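# Topology and contacts: notes
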Amino acid sequence: MKIVVRVKLLPDAVQASALAATLHACNQAANEVSRMAFERRVFSRRALQRLAYTSLKARGLSAQPALHVIRKTADACTTLHANIRNGNLGSEGSKRRVKAESTPVGFRPDAAQPFDDRCLSWNHDARTVSIWTTAGRVKNLRFTGSPDQLTMLREHRRGETDLVHQDGMWFLIATCDIAEPETFEPSGWLGIDLGIVNVATTSDGDRAAGRRVNRYRRHLQRLRRKLQRKKTKSAKRTLKRLRRRESRHVADTNHVLSKQYVTAAQRTGRGIGLEDLAGIRDRARLRKPQRVVLNSWAFHQLGAFITYKAQRAGVPVQFVDPRNTSRGCSECGHIDRRNRPSQARFVCRSCRYTANADHNASRNISHKADVAWNAGRQSAAPTAA
């Protein structure tokens, strides 16, 4: 199981200048490789290496950084072509797709750059790294992180590490490979219904109200609208900062909730049942104000957080078909769209069972997860974004 760990670098002025120059040089080289690939219609790693390696060396890049630039460019081209092929950039002839097909892949001056163990070495006791730069090897570059992050990094780091510059700060993002514990046989299922009014509701009756998150988002939405009307460079920089702030706020909320649910399931020996909501944005037909709310709903992230935390704890996760979880009665099984007279209220027209609508849905998810698990079906867990 792969876990991403991000630690913060603490460079002095000279070290920061060397890191910035390195990112700029590598991304300029990547743009040059991308232009060559676009003009000659060559996109594989091996073909690009034959085409561009000598010129990258002539630009002053060492052997390993030059290879990483080529691989980064090839991977970006592969991702772009996959998005075009899958229709993610619109249908053939659409403005967005035509623009993507008619220009080379571009890299920002401060886009992340991967390093391997030949270019980057760690001293965990001193909490420093030694990293290749265009100005030579920078040694004794300090880094910091939480105790859990540092322990994970020391014991499980594998493969490449990305150098990232964001909001004036420097980070190293490393991949750690840890062993997964065996999944236990659940004695029951904790159903979790994800929503907008309530971010999540469990079959135990616990509700995480979304009022605070939605109020925060509406505040940022009004602020974005004002800044977008200004159309100044300063306003655009502020918009980027707000976007990252909102993303961090939502991710923190989802981390807290996912840890809470996985801990509850592990403590009681139960598995976790979730709805497979892949493609809901494409299926839903909503008015514009509702579309804004739906598209800012981080249900996929919360589901992904629950999934990977459950894997680390050995808790089984079962994704179920979401059809009729909101309309079906968790007591008698009767399905009728009229069972839900309002957003928050569920009243079964057959047995007259009354409950909170989200709690009823979470109980249905729990029942479906139990049936699917006993039938031996594979959980159709959506891949992380």
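Residues numbered from 1 in each chain as written. Predicted model: local features only at pLDDT ≥ 70, side-chain atom pairs only at ≥ 80, totals over all residues. Heavy atoms only, no water.

## Quick notes on the overall build of the protein
In plain terms, the rule: Numbered from the N terminus, helices here are DSSP runs of H or I no shorter than four residues, and strands are runs of E no shorter than two. Every residue pair with non-hydrogen atoms within 4.5 Å of one another is taken to be in contact. Accessible surface is estimated by sampling points in the Shrake-Rupley manner with a 1.4 Å probe; for residues, cover comes only from the protein chains shown. In this tally, Lys and Arg are treated as positive and Asp and Glu as negative; His is ignored, and so are the chain termini. Where a charge lies is defined by one atom per residue type, namely NZ (Lys), CZ (Arg), CG (Asp) and CD (Glu).
Secondary structure assignment for the protein yields 11 helices and 14 strands. Seen along its three principal axes, the alpha-carbon backbone of the protein occupies a region of about 80 × 50 × 40 Å. Considering only contacts within the protein whose residues lie at least 6 apart along the sequence, 64% involve residues at least 24 apart. Accessible surface, the protein: about 21800 Å² in total, of which carbon and sulfur atoms supply 48%. Positive and negative side-chain charges in the protein, numbering 71 and 32 respectively, have mean positions lying 10 Å apart.

## Overview of the packing of helix H1 (residues 13-40) against helix H2 (residues 45-58)
Our working definition: Only the stretch in contact is used when fitting a helix axis, every axis being a line fitted to C-alpha atoms; angles between N-to-C directions are given from 0 to 180 degrees. Roughly parallel refers to an angle under 35 degrees, roughly antiparallel to one over 145, roughly perpendicular to one between 65 and 115, and oblique to any angle outside these ranges. Each crossing gets its hand from how the near helix is turned against the far one by less than a right angle, where anticlockwise is left-handed and clockwise is right-handed.
Where H1 meets H2, the closest approach of the two axes is 10 Å, and the angle between their N-to-C directions is 140°. As summarised for this structure, H1 and H2 are arranged oblique, according to the angle between their axes. As H1 packs across H2, the resulting crossing turns out to be right-handed. On the side of H1, the interface is formed by Ala29, Val33, Met36, Ala37 and Arg40, while H2 contributes Leu48, Leu51, Ala52, Ser55 and Leu56.

## Quick word on the sheet that holds strand S9 (residues 198-202)
Note the cut-off: What makes two strands pair is DSSP finding at least two bridges between them.
Read across the sheet, 5 strands follow the order S10-S9-S8-S11-S12 without closing on themselves; strand pairing throughout is mixed. Among the strands making up the open sheet, the edge pair consists of strand S10 (207-209) and strand S12 (317-320). Taken pair by pair, the neighbouring strands of this sheet meet at an average axis angle of 20°, ignoring direction. Relative to the sheet, helix H7 (residues 233-268) contacts strand S8 (189-194), S9, S10 and strand S11 (271-275), its axis offset from that of S11 by approximately 135°.

## Description of the pairing of strand S5 (residues 136-144)
Where strand S1 (residues 2-10) and S5 come together, 3 bridges link them in antiparallel fashion. Considered in S5, the bridge of Lys8 is made with Thr144. Where strand S4 (residues 128-133) folds back onto S5 in an antiparallel hairpin, the turn is made up of 2 residues.

## Examining a positive patch on the surface
Let me state the cut-off plainly: Like-charged residues are merged into a patch within 9 Å and nonpolar side chains (Val, Leu, Ile, Met, Phe, Trp, Tyr) within 5 Å, provided each residue has over 30% relative accessible area and no salt bridge. The term salt bridge refers to a pairing of a side-chain nitrogen on Lys or Arg with a carboxyl oxygen on Asp or Glu at a separation within 4 Å.
Together, Arg211, Arg212, Arg215, Arg218, Arg222, Arg225, Lys226, Arg229 and Lys230 line one region of the surface with positive charge. Structurally, Lys230 can be placed in helix H6 (residues 211-230).

## Focus on the pattern of salt bridges
For the record, the criterion: Categorising residues by exposure relies on relative accessible area from a 1.4 Å probe, with only protein chains included: less than 20% of the type maximum marks a residue as buried, more than 50% marks it as exposed, and the intermediate range marks it as partly exposed.
By the definition in use, this model includes 16 salt bridges. Two residues, Asp167 and Arg248, come together in a salt bridge whose shortest N-O distance is 3.8 Å. Here Arg248 lies in helix H7 and Asp167 lies in the loop between strand S6 (157-166) and strand S7 (169-177), a separation of 81 residues in the sequence. For Asp167, a relative accessible area of 35% gives the class partly exposed. Salt bridges here are not isolated pairs; linked through shared partners, they connect Glu32, Arg35 and Glu39.

## A closer look at the sheet that holds S7
Reading across from one edge, S2-S6-S7-S1-S5-S4-S3 is the order of the 7 strands in this open sheet, with antiparallel pairing throughout. Sheet topology places strand S2 (113-115) and strand S3 (120-123) at the edges, where each strand pairs with a single neighbour. Ignoring which end each strand starts from, the neighbouring axes of this sheet average 35° apart. Where S3 lies against S4, 4 bridges are found, and the strand directions are antiparallel. Directly across from Leu120, in S4, lies its bridge partner Ile131. Sheet contacts for helix H3 (residues 63-85): S2, S4 and S6; angle to S2, the most-contacted strand, approximately 130°.

## Some points on the nonpolar core
Just so we agree on the cut-off: Think of a nonpolar core as a cluster: buried Ala, Val, Leu, Ile, Met, Phe, Trp, Tyr and Cys residues, connected wherever their side-chain atoms sit within 4.5 Å.
Judged by nonpolar contacts, the single largest core of 48 residues is most densely connected at Leu9 and Leu163. The element that contributes the greatest number of residues to this core is H1, accounting for 9 residues. Non-local contacts of Leu9, meaning those with residues more than four positions away in its chain, are made with Leu19, Val129, Leu141, Arg142, Phe143, Leu163, Trp170, Phe171 and Leu172.

## As for the pairing of S11
Among the 5 residues of S11, 5 are classified as buried, and the element is accordingly described as predominantly covered. Both faces of S11 are covered, namely the face carrying Gly271, Gly273 and Glu275 and the face carrying Ile272 and Leu274. Bridge count for S8 against S11 is 4 bridges, and the pairing is parallel. In the strand pairing of S11, Trp189 is matched with Gly271. For S11 and S12, the ladder comprises 4 bridges, and the chain directions are parallel. Looking at the pairing, Ile272 lines up with Val317 of S12.

## Looking at the packing of H6 against H7
How two helices sit against one another is set out by the angle between their axes and by the gap between those axes. Contact geometry for H6 and H7: axes closest at 10 Å, N-to-C directions at 170°. Viewed along their axes, H6 and H7 adopt a mutual orientation that is roughly antiparallel. Facing H6, whose interface residues are Val213, Tyr216, Arg217, Leu220, Leu223, Arg224, Leu227, Gln228 and Lys230, H7 presents Ala235, Thr238, Leu239, Leu242, Arg245, Glu246, His249, Val250 and Thr253.

## Quick notes on H2
Where we set the bar: By this rule the span expected of a helix is its residue count minus one, scaled by 1.5 Å.
The terminal C-alpha atoms of H2, which comprises 14 residues, lie 19 Å apart, in line with the 20 Å expected from a rise of 1.5 Å per residue. Of the positions making up H2, those classed as buried are Ala47, Leu48, Ala52 and Leu56. Contacts made by the buried residues of H2 are with H1 and H3. Where H2 terminates, the next one or two residues include Gly60, which has phi positive at roughly 105°.

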